[in-house]
Structures are given as structure tokens and as C-alpha cells.
Amino acid sequence: MLGWFNKKKKSTSDSAQQQELQKTAPDSGETGAEKPASTEPVPEKAYVEAIPDKALHDDTCRHNTEPDSKPIDTHAEEDPSKEQDPGAGQVKKSKSILTKLSERLVRTRDSFTHRLDELFLGKKEIDADLFDSLEEILVTADLGIHTTRDLLEFARRRVKRDALSDPIALKELLKERITSIIVAHEQPAERAFPDNGPFVIMVVGVNGVGKTTTIGKITRKFLNSGQSVLLVAADTFRAAASSQLKIWGERNNVRVVAQHEGADPSSVVFDAMTTAVRKQYDIVLIDTAGRLHTKVNLMEELKKIKRVIGKQLDGAPHEILLVIDATTGQNGISQAKLFNEAVGITGIALTKLDGTAKGGIVANIAQELKTPIRFIGIGEQIDDLKDFDADEFVSALFEPRQ
């Protein structure tokens with residue numbers, strides 16, 4: 001489990017003290033609940049008030065935490081209001097995490113691992129033709145030119161050093177090297193947790209990659225670990241962006257700080273940080289705009305948001321999480337470099353891996369960006385955002401055909 005979700009729960013005395021502080025604290029003009037949301041389920045009739053359109057300093061109030069039962073594709077960030085019940089369609093408990101992950105990576109396995117098997121089984125010796133065919137497979141799986149060359153050079157050295165002649169042995173060499181590439185850039189996530197004050201995560205990425213959906217799913221993870229969460233709608237320019245985040249706030253029974261459409265994002269963040277510190281929230285998740293076609297203005301806006309966060313809380317944001325759509329392939333790498341130059345990303349959430357045959361992008365991201373992958377999205381359910389584990393991922397990727 002990612003270290004973020006191992007943080008110790010507040011003690012009873014801490015909770016009582018927090019509630020007392022909330023009672024005596026001056027009002028900042030916010031509406032809705034006056035304390036961080038409990039992780040306990042809310043009764044079905046817990047609806048308190050409607051969310052007013054374009055409300056200034058609007059916080060989402062207490063709502064039923066159970067999502068609607070009608071299934072949807074949560075890959076579509078634009079319509080989270082139809083989110084499926086977290087328990088619906090889950091695989092049987094008897095299935096291991098590895099088995100489930102392997103099933104969701106079937107497209108990549110068919111175009112990568114199984115093609116490797118066919119290549120190696122059809123060859124009797126390791127020669128130049130085999131390496132040419134291997135290079136084509138690696139590039140097709142979106143491992144990238146640099147990573148592909150690294151893998152081929154590693155394989156050639158090991159073949160020569162160990163005097164290997166059996167082509168099937170190359171599969172284990174590739175598995176070993178891909179794992180080492182990913183692991184080389186892993187960093188403990190929990191080390192960023194502050195000793196005092198909330199843990200602030202600034203979520204960035206272009207529109208359509210699944211930022212809002214990812215935030216909603218991460219929120220559920222924090223709630224399940226007993227931590228209080230405040231969501232911040234700092235994407236004030238995209239139509240319905242705040243509304244989407246509010247819906248996730250309702251479903252998770254957490255507060256959402258938002259302002260009217262077109263408001264200054266830094267102003268929203270300033271209000272949210274004030275609320276988070278005063279009311280002692282454990283976690284702050286900040287949704288940001290992703291209009292890459294106006295990247296100069298966007299990046300300046302993100303820099304400003306980062307400065308505002310830092311002025312409100314020393315050392316924050318503690319994590320700048322970039323969300324990348326795995327189906328975009330090499331374009332996702334280009335996006336990552338732009339965001340990294342602007343604000344310095346510290347972690348990556350890779351969405352829609354189950355919908356692409358180019359899962360090799362995981363190794364390519366590790367090699368090119370040298371940034372740890374925190375999460376991978378492998379399905380539509382709320383629990384299909386998985387904490388990334390390199391050994392687990394590569395084992396699933398190289399799972400033999402059943």
C-alpha cells in the first residue's frame with residue numbers, strides 16, 4: 001500500500017479537540033459542513049442542501065456517500081455524475097491482485113508479451129534478425145526509442161557475457177531489465193508527509209486525461225485510511241469543471257471549496273488553504289486547469305497557484321501529481337516534460353492502462369522522466385485506481401497466455 005494511506009488515524013482526544021476548535025473558530029463565509037467528513041457511511045436521507053450554481057466560497061455539504069448504481073465509464077472525466085457503485089462488478093475475492101492486474105493489461109500483453117513468445121518460440125538461435133524483430137515489438141509497445149535501445153544493449157551484453165543461445169532466455173532478461181528501469185526511479189511517497197498541517201497534493205494534467213476522476217478515487221483511498229479530505233476546485237475556466245468535482249465531493253461525503261466560473265484560481269486556493277489549516281484537515285487535493293493549447297498562460301497560472309500554496313503553508317505543495325492518459329503514448333511524455341519544467345512534478349498517475357495496447361509506456365515514463373509512478377488506472381470502478389508496484393506490474397505484464 002502506498003505510504004500516504006498508512007498515516008495513523010487521529011486519536012479520540014485529537015478529534016474532540018478538533019471539533020472544539022471548529023466550534024469556536026470564526027466563520028470564513030463558507031457554507032456546508034463545519035468539520036472534516038467522517039468515513040462512516042451517511043444515511044440515505046442525509047442530503048442537507050442543494051449546491052447553488054456559481055456560488056462564491058461554495059462548499060459541498062453532507063450527502064449520501066454511496067454512488068449511483070447505474071454503471072458508466074469513469075474513464076470519461078466529463079460525466080462523473082453517473083459513477084457506478086464501488087462494489088458492482090468487482091472480481092471475486094479469491095482472485096489475486098496479480099490476476100486482476102494481468103486481466104486488465106490483456107491488450108498490452110497480446111501486443112507485447114505474446115508477440116515476444118511467438119518470436120522466441122519460432123527462433124532456434126539468437127541472431128541479428130531476432131534482434132531486429134525484437135526492436136519492432138518493443139517500439140510498437142510504446143517503450144520509446146531510448147528505452148528500446150537500452151533494453152537491446154542490455155540483452156546483447158548479457159547474451160555475449162553468459163554465452164546464451166536459447167532465444168526464450170531473452171524474455172527473462174527483458175523482464176529483469178524493465179523492472180530495474182522502473183524501480184530505479186521509485187521514491188517513498190510517505191516521506192513527503194509534513195509533521196504539522198495538511199498534506200497538500202496539487203493535481204495537474206491536460207484536459208480529458210481523467211484528473212477529476214483520479215482525484216475522486218484518491219479521495220476514497222484517503223477516507224478508507226481514516227483521514228479527512230478537502231477538495232479544491234481550482235479549474236475555474238473549463239465548463240462544468242467545478243460541478244464535476246462537487247459531485248465527487250458529494251459521493252465521498254467531503255467538502256469542496258469552489259468559487260464562481262471564471263474566478264481567479266489562486267483566490268480559490270488561498271481560501272481553501274486557509275480553511276484547511278484552520279480546520280485541521282489531513283489532506284488537501286487541488287484540481288487545476290489543463291488548457292495545453294494556451295500553455296504559456298496555463299503554466300504561469302500553475303506557478304502562481306504553487307506560490308500561493310507555499311505562502312499559506314511552508315513546504316507545500318508536498319506532492320505535484322501529474323495525470324497522464326496512457327492511450328496518448330509518446331504525447332503523454334511531451335506533456336509531462338512541459339509540466340515538469342513549469343512546476344516540477346513529483347509523481348505520476350497513469351490512467352486508462354486497460355484501454356491501450358501500449359502499456360510499455362510505464363517503463364518509458366520511468367526512463368524518460370525519472371519520476372515515480374504513484375497510481376495506475378486499470379478499470380472503471382472506484383477501486384480500479386491501484387497503488388503502483390513495479391514488481392507486481394511487470395509480473396502481470398509477462399504473465400503467460402492461459
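Everything here concerns the structure above.
Keep in mind it's a predicted model, so treat the numbers as computed, not measured.

Cut-offs and rules
Residues numbered from 1 in each chain as written. Predicted model: local features only at pLDDT ≥ 70, side-chain atom pairs only at ≥ 80, totals over all residues. Heavy atoms only, no water. Helix = DSSP H or I, 4+ residues; strand = E, 2+ residues; numbered from the N terminus. Buried < 20%, exposed > 50% of the residue type's maximum accessible area, 1.4 Å probe, protein only. Contact = heavy atoms within 4.5 Å. Areas by Shrake-Rupley, 256 points an atom, 1.4 Å probe, with all protein chains shown as cover. Salt bridge = Lys/Arg side-chain N within 4 Å of Asp/Glu carboxyl O. Phe/Tyr/Trp six-rings, centres within 6.5 Å; stacked < 30°, edge-to-face > 60°. Lys NZ or Arg CZ within 6 Å of the ring centre and 35° of its normal. Pairing = 2+ DSSP bridges. Axes fitted to C-alpha atoms, helices over the stretch in contact; angles between N-to-C directions. Parallel < 35°, antiparallel > 145°, perpendicular 65-115°, else oblique. Left-handed = near helix turned anticlockwise from the far one by under 90°. Nonpolar A, V, L, I, M, F, W, Y, C, P; charged D, E, K, R; others polar. Polar contact = N/O pair within 3.5 Å; in protein donor to acceptor, adjacent residues only side chain to side chain. Right-handed = clockwise from strand over helix to strand, strands pointing away.

Notes on the overall build of the chain
Looking only at helices and strands, one finds 14 helices and eight strands in the chain. Taking all 402 residues of the chain together, the buried fraction comes to 54%. Across the chain, the fraction of contacts at a sequence separation of at least 24, relative to all contacts at a separation of at least 6, is 76%. With an accessible surface of roughly 17700 Å², the chain has 49% of that area assigned to carbon and sulfur atoms.

Remarks on the pattern of salt bridges
Applying the stated rule across the entire model yields 14 salt bridges. The salt bridge partner of lysine 303 is glutamate 300, with a shortest N-O separation of 3.3 Å. One end of the pair, lysine 303, and the other, glutamate 300, are both in helix α11 (residues 295-312), three residues apart, so they sit about a helical turn from each other. Glutamate 368 serves as the salt-bridge partner of lysine 337, at 3.8 Å between the closest nitrogen and oxygen. Of this pair, lysine 337 sits in helix α12 (residues 330-343) while glutamate 368 is found in helix α13 (residues 361-369), placing the two residues 31 residues apart along the sequence. Taking the relative accessible area as the measure of exposure, lysine 337 reaches 39% and is therefore partly exposed.

Things to note about the packing of aromatic side chains
Any pair of aromatic rings gets described here by the distance separating the centres and the angle formed by the planes. Under the definition given, this model contains nine aromatic pairs. Ring plane angle 75° and centroid distance 6.3 Å describe the contact between tryptophan 4 and phenylalanine 5, whose orientation is recorded as edge-to-face. Overall, tryptophan 4 belongs to the buried group, its relative accessible area being 0%. On the accessibility criterion, phenylalanine 5 (6% relative accessible area) is buried. Taken together, Trp4, Phe5, Phe193, Phe199, Phe222 and Phe375 form an aromatic cluster joined through their ring pairs. Its end group placed over the ring of phenylalanine 131, arginine 156 keeps NZ or CZ at 4.6 Å from the ring centre.

A short note on the pairing of strand β5 (residues 319-325)
Counting buried positions along β5 yields seven of seven residues, so the element is predominantly enclosed. Residues Glu319, Leu321, Val323 and Asp325 of β5 are buried on one face, and the alternating residues Ile320, Leu322 and Ile324, pointing to the opposite face, are buried as well. Sheet topology places strand β1 (residues 199-204) next to β5; four bridges connect them, and they run parallel. Among the inter-strand pairings, methionine 202 is bridged to a residue of β5, identified as isoleucine 320. The pairing of β5 with strand β6 (residues 347-351) spans five bridges and is classified as parallel.

Observations regarding the packing of helix α8 (residues 211-224) against helix α9 (residues 241-252)
Helix-helix packing: each pair is described by the crossing angle between the helix axes and the interaxial distance. Remark: α8 packs on α9, axes separated minimally by 10 Å, with the N-to-C direction vectors making an angle of 20°. Taken as axis vectors, α8 and α9 run roughly parallel relative to one another. Here the hand of the crossing between α8 and α9 comes out right-handed. Taken together, the residues of α9 that come into contact with α8 (itself represented by Thr212, Thr213, Ile215, Gly216, Thr219, Arg220 and Leu223) are Gln244, Leu245, Trp248, Arg251 and Asn252. Looking at the contact of α8 with α9 residue by residue, the classes come out as four nonpolar, six polar and two charged.

Comments concerning the side chain of aspartate 384
Along the chain, the position of aspartate 384 falls in the loop between β7 (373-377) and β8 (385-387). Judged by its relative accessible area of 1%, aspartate 384 is buried. Polar contacts involving the side chain of aspartate 384 include one to the side chain of arginine 104, which spans 3.1 Å. If sequence neighbours within four positions are ignored, aspartate 384 has contacts with Lys100, Arg104, Ile376, Gly377, Ile378 and Gly379.

A closer look at the environment of phenylalanine 154
Mapping phenylalanine 154 onto the fold places it in helix α6 (residues 145-162). A sequence separation of 20 residues divides phenylalanine 154 from leucine 174, and the C-alpha atoms of the two residues are 8.4 Å apart. With near-sequence residues (within four places) excluded, phenylalanine 154 lies in contact with Leu173, Glu176 and Arg177.

Let's talk about the pairing of strand β2 (residues 229-233)
β2 sits mainly inside the fold: five of its five residues count as buried. Across five bridges, the pairing between β2 and strand β4 (residues 283-287) is parallel. Bridging from a neighbouring strand, leucine 230 pairs with valine 284 of β4. As judged from the three bridges shared by β2 and strand β3 (residues 255-257), these two strands associate in the parallel manner. Note on β3: the bridge partner recorded for valine 232 is valine 257. Traced from β2 through α9 to β3, the parallel crossover comes out right-handed.

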